[in-house]
Amino acid sequence: LAQLNKLAEAAGKLYLGSATDNSELSNSSYLAIISDTDEFGEITPGNGQKWQYTEPSQGTFSYTSGDQIVDLAEANGQLVRCHTLVWHSQLPSWVSSGSWTTAQLTSIIQTHIANEVSHYKGQCYSWDVVNEALNEDGTYRTSVFYTVLGTDYIPIAFEAAAAADPAAKLYYNDYNIEYSGAKHTAAVGIIDLIQTAGAKIDGVGLQAHFIVGSSPGQADLTNVLKAYVAAGVSEVAYTELDIRFTTLPYTAAGLQQQASDYAAVTKACLAVNECVGITIWDFTDKYSWIPSTFAGQGGACLYDENFSKKPAWTTVSSIL
Ligand code: XIL
């Protein structure tokens, strides 16, 4: 079986990629796999470009962590999905706990984005401009941004990003918007909100953090991708794919189910021309974010903790 990115490119996609993080890069076995462009044609920094690291106090910018990963991708000849500019989480408390006027918070968002996007200008294939603005029922999530600015913060952020790097593809990114329902409908509404404000949005990023055995079916996944395209974006992507076990250790039968769940996502992306690629939220269970966020859960990635390929890898490879 050939390697994933090579197959994805042959199938007409731009990339098959992986998230990574700074501390993992000191593992030489890990570094060799993440740097293999036949396997991964794209990298997303898992943390280093988030607000808490890039502007930890007002007006003080730091790009050390993000640069390490972007420089690695550039040295390898890989695309970078830059992640993320405006998000309620991993937001420094100087932003979240300030009592801002609308003018002040607008300026804070514009300054943050102008600085960060300019720093990475020309290096980002895309930016996740706004991340996770929605609740599960399709209402807007409470955050300092929404509380002070209402939905205006979204087009404000997209305008600022477009001004700083006109060539970067600008994405709205969220989870549980991969299948039909209230949150998907609301994400379609965000495309409209941005465009009605006269700002540019190029893509919708579907995180795709799924659970083995209750992952969405291929038909629904495909229809939802097409619905975003019909609503006016030129591309869509699975941006943080992983499919976790809620009970560990996993079984051989569980690994087969996981493989078929990964297959549905892969087939959905292949079925839609505008789906430019798939990013897995790290390729190995060794460095997955799942166990530290969902206690007792894990096994979500294509490679196990010893860097051996799991059945899901073989299935994805055979489909691509
Ligand atoms: C996660 C990182 O992988 C973790 O290391 C960090 O502790 C928390 O954030 N949705 C996103 C990503 O958009 O930024 C998150 O990444 C996972 C959920």
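Below: a short report on this structure. Nothing here was measured: the structure is a model prediction, and the numbers come from that model. (Residues numbered from 1 in each chain as written. Predicted model: local features only at pLDDT ≥ 70, side-chain atom pairs only at ≥ 80, totals over all residues. Heavy atoms only, no water.)

## Comments concerning the overall build of the protein
Argument step 1. Helices and strands together make up the secondary structure of the protein, namely 13 helices and nine strands.
Argument step 2. Its C-alpha atoms give the protein a radius of gyration of 19 Å, within 12% of the compact-globule value 20 Å for 320 residues.
Argument step 3. For the protein, buried positions account for 56% of its 320 residues.
Argument step 4. For the protein, contacts bridging at least 24 residues in sequence account for 79% of all contacts bridging at least 6.
Argument step 5. If the 15 positive side-chain charges of the protein are averaged to one point and the 33 negative ones to another, these points end up 5 Å apart. (Helix = DSSP H or I, 4+ residues; strand = E, 2+ residues; numbered from the N terminus. Rg over C-alpha atoms; globule rule 2.2 N^0.38 Å. Buried < 20%, exposed > 50% of the residue type's maximum accessible area, 1.4 Å probe, protein only. Contact = heavy atoms within 4.5 Å. Lys, Arg positive; Asp, Glu negative; His and termini not counted. Charge placed at Lys NZ, Arg CZ, Asp CG, Glu CD.)

## Side note on the side chain of Glu116
Argument step 1. Structurally, Glu116 is set in helix H6 (residues 102-119).
Argument step 2. The side chain of Glu116 is buried and forms no salt bridge, while Lys50, the nearest opposite charge, is found at 11 Å.
Argument step 3. Excluding its chain neighbours within four sequence positions, the residues that come into contact with Glu116 are Gln49, Thr54, Tyr63, Leu85 and Trp127. (Salt bridge = Lys/Arg side-chain N within 4 Å of Asp/Glu carboxyl O.)

## Concerning the site of the ligand
Argument step 1. By nearness alone, 13 residues border the ligand, and Asn47, Lys50, His83, Asn131 and Glu240 come closest of all.
Argument step 2. Asn131 places a polar side-chain atom, nitrogen or oxygen, 2.9 Å from an oxygen atom of the ligand.
Argument step 3. Of the residues that constitute the shell around the ligand, the class distribution is three nonpolar, seven polar and three charged. (Near = heavy atom within 4 Å. Polar contact = N/O pair within 3.5 Å; in protein donor to acceptor, adjacent residues only side chain to side chain. Nonpolar A, V, L, I, M, F, W, Y, C, P; charged D, E, K, R; others polar.)

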